[in-house]
There are 2 protein chains.
Amino acid sequence: MTDSADRAALTVINVFTVDPSNQDRLIDLLTRATDGLVDRAAGFVSATLHRSLDGTKVTMYARWRSLEDYEAMRRDPGPRPFLEQALAIATFDPGMYEVVRTFLPKADAAE
Amino acid sequence: MTDSADRAALTVINVFTVDPSNQDRLIDLLTRATDGLVDRAAGFVSATLHRSLDGTKVTMYARWRSLEDYEAMRRDPGPRPFLEQALAIATFDPGMYEVVRTFLPKADAAE
């Protein structure tokens, strides 16, 4: 089993805040930016799209091989129209991270 | 290979904002809350702790079997002292989500 984190030096966690009436539209725009565009970029490892239970947020969690690969994708005009439409209906709190540590359940977890 | 997301109905993405001089201390507090405490809770699936490259954020990304399991853990007094110390040096933007979709690299990615 390959742990994709091993080859992903950069984790990007982008939190979008949106009116609940626009949450579905924002999800559609971020899906269109990713599916067939961002997911073809050099150095793209994985991305998971999340909808908040309260309707007010959409968060994309993505792993990249390097900061340089991510920045190259951001210069690509392909996904840009979808991202611009997303930013017309949502605010955006970007974050670039490295993983400190992953925790799994302790063996004596009270299941 | 088991995809842990299959049995995790809830994803919790908590973004802490902190003065860069306190980022290491915040990471230590969140580690102490998780290691041996939260990771023993019923329904805990996994958690990954992230430090932002700019020093101003720490984000915990965690998966839980259910919202009920997560809420039960939040009532547990064990991790609370560490979380209270964390909130004394950081602000906290919580988020509870469900996964919409995961993207992996397209086969013809330009590698």
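Okay, so let's go over this structure. These numbers come from a predicted model, not from an experiment.

**Let's talk about the interface of chain A and chain B**
Stage number 1. In this complex, chain A contributes 50 residues to the contact, which on the side of chain B involves 49 residues.
Stage number 2. Summed over both partners, the interface of chain A with chain B comes to about 4,200 Å²; 56% of that surface belongs to carbon and sulfur atoms.
Stage number 3. Of all residues in chain A, the largest losses of buried area upon contact with chain B belong to Arg40(A), Tyr97(A) and Phe103(A), amounting jointly to 17% of the total for that side.
Stage number 4. Inspection of the chain A/chain B interface yields ten salt bridges.
Stage number 5. Of the charged contacts, one joins Arg51(B) and Glu98(A) as a salt bridge, the two residues approaching to 3.6 Å between their closest N and O atoms.
Stage number 6. The interface formed by chain A and chain B holds 26 residue pairs in polar contact (both at pLDDT 80 or more) in total.
Stage number 7. For the side of chain A that touches chain B, the leading source of residues is strand 2 (residues 44-52) of chain A, giving nine residues.
Stage number 8. Split into classes, the residues belonging to the side of chain A that touches chain B amount to 25 nonpolar, twelve polar and 13 charged.
Stage number 9. Judged from the six bridges that link them, strand 2 of chain A and strand 5 (residues 96-103) of chain B form a sheet pairing that is antiparallel. Counted as the bridge partner of Thr48(A) is Thr102(B) from strand 5 of chain B.

**Remarks on the relation of the copies chain A and chain B**
Stage number 1. By a simple turn and slide, chain A fits onto chain B: the slide is 0.0 Å along the axis, the RMSD is 0.0 Å, and the turn is 180°. On this basis, the relationship between the two copies can be described by a two-fold rotation axis.
Stage number 2. Mapped onto chain B, 98% of the interface residues of chain A again fall at the interface, so both copies present the same surface.

**Some details on the packing of aromatic side chains**
Here a ring pair, both rings aromatic, is described through the centre-centre distance and the interplanar angle of the planes.
Stage number 1. This model, assessed by the stated rule, comprises seven aromatic pairs over all chains.
Stage number 2. Centre to centre, the rings of Phe44(A) and Trp64(A) are 5.5 Å apart; their planes meet at 75°, and the pair counts as edge-to-face. Taken together, the residues Phe44(A) in strand 2 and Trp64(A) in strand 3 (residues 57-64) connect sequence positions 20 residues apart. Here Phe44(A) and Trp64(A) have matching classes, each one buried.
Stage number 3. Seen from their ring centres, Tyr61(A) and Tyr61(B) are 4.4 Å apart, and the 40° between their planes marks the pair as tilted. In this pair, Tyr61(A) sits in strand 3 while Tyr61(B) sits in strand 3 (residues 57-64), so the two residues belong to two different chains.

**Some thoughts on the packing of helix 1 (residues 23-34) of chain A against helix 3 (residues 80-89) of chain A**
All names here are of chain A.
Stage number 1. The interhelical angle for the contact between helix 1 and helix 3, taken along N-to-C directions, is 160°, at an axis separation of 8 Å. In terms of axis orientation, helix 1 runs roughly antiparallel to helix 3. Considering the relative orientation of helix 1 and helix 3, their crossing is left-handed. Contacts between helix 1 and helix 3 involve Arg-25, Leu-26, Leu-29, Leu-30, Arg-32 and Ala-33 from the first element and Phe-82, Leu-83, Gln-85, Ala-86 and Ile-89 from the second.
Stage number 2. In terms of residue class, the contact of helix 1 with helix 3 is made up of eight nonpolar, one polar and two charged.

**Quick look at the pattern of salt bridges**
Stage number 1. Here the structure, examined in full by the defined rule, presents 16 salt bridges over all chains.
Stage number 2. The salt bridge involving Asp39(A) is made with Lys106(B); its shortest N-O contact spans 2.5 Å. With one member in each of two chains, Asp39(A) in the loop between helix 1 and strand 2 and Lys106(B) in the segment after strand 5 form a pair that bridges those chains.
Stage number 3. Salt-bridge contacts for Arg51(B) lead to Asp24(B); the nearest nitrogen and oxygen are separated by 2.9 Å. On the criterion of sequence distance, the pair formed by Arg51(B) in strand 2 (residues 44-52) and Asp24(B) in helix 1 (residues 23-34) is long-range, its members being 27 residues apart.
Stage number 4. Arg51(B) gets classed as partly exposed once you look at its relative accessible area, which sits at 22%.
Stage number 5. Here Asp24(B) falls in the exposed class, since its relative accessible area comes to 51%.

Calculation rules
- Numbering of residues begins from 1 in every chain and follows the order in which that chain's sequence is written.
- Just so you know, chain letters begin at A and ligand numbers begin at 1, following the order they were written in.
- Side-chain atom pairs in this predicted model are given and counted only at pLDDT of 80 or more, local residue features only at pLDDT of at least 70, and totals for whole chains, interfaces and linings cover all residues.
- Hydrogens and waters are ignored; side-chain quantities use all the structure's heavy atoms.
- Contacts are assigned to residue pairs that have any heavy atoms within 4.5 Å of one another.
- Values labelled buried area give the accessible surface lost by two parts on being combined, using a 1.4 Å probe and summing over both.
- Each salt bridge in this description consists of a side-chain nitrogen of Lys or Arg and a carboxyl oxygen of Asp or Glu lying within 4 Å of one another.
- Throughout this description, a polar contact denotes any pair of N or O atoms lying within 3.5 Å of each other; where both atoms belong to protein, one of them has to be capable of donating a hydrogen while the other can accept it, and for residues adjacent in sequence the pair is counted only when both atoms sit in side chains.
- Strands here mean DSSP runs of E at least two residues long; helices mean DSSP runs of H or I at least four residues long; both are numbered from the N terminus.
- All residues other than Ala, Val, Leu, Ile, Met, Phe, Trp, Tyr, Cys, Pro, Asp, Glu, Lys and Arg, Gly among them, are scored as polar; the first ten of these are nonpolar and the last four charged.
- A pair of strands is labelled paired if DSSP reports no fewer than 2 bridges between them.
- A residue counts toward the fit only if its pLDDT is at least 70 in both copies, and the copies are then superposed by least squares on the C-alpha atoms of those residues.
- A pair of Phe, Tyr and Trp rings is counted when the ring centres sit within 6.5 Å of each other, with Trp represented by its six-membered ring. The angle between the planes then sorts it: under 30 degrees is stacked, over 60 is edge-to-face, the rest tilted.
- A 1.4 Å probe rolled over the protein chains alone gives each residue an accessible area, and that area as a share of the maximum for its type sets the label: buried under 20%, exposed over 50%, partly exposed in between.
- Axis lines are fitted to C-alpha atoms, over the contacting stretch for helices. Their N-to-C directions set the angle, which ranges from 0 to 180 degrees.
- If an angle is under 35 degrees, it is roughly parallel; if it is over 145, roughly antiparallel; if it lies from 65 to 115, roughly perpendicular; otherwise it is oblique.
- If you view the pair so one helix is near and one far, a crossing is left-handed when the near helix is turned anticlockwise from the far one by less than a right angle, and right-handed when it is turned clockwise.

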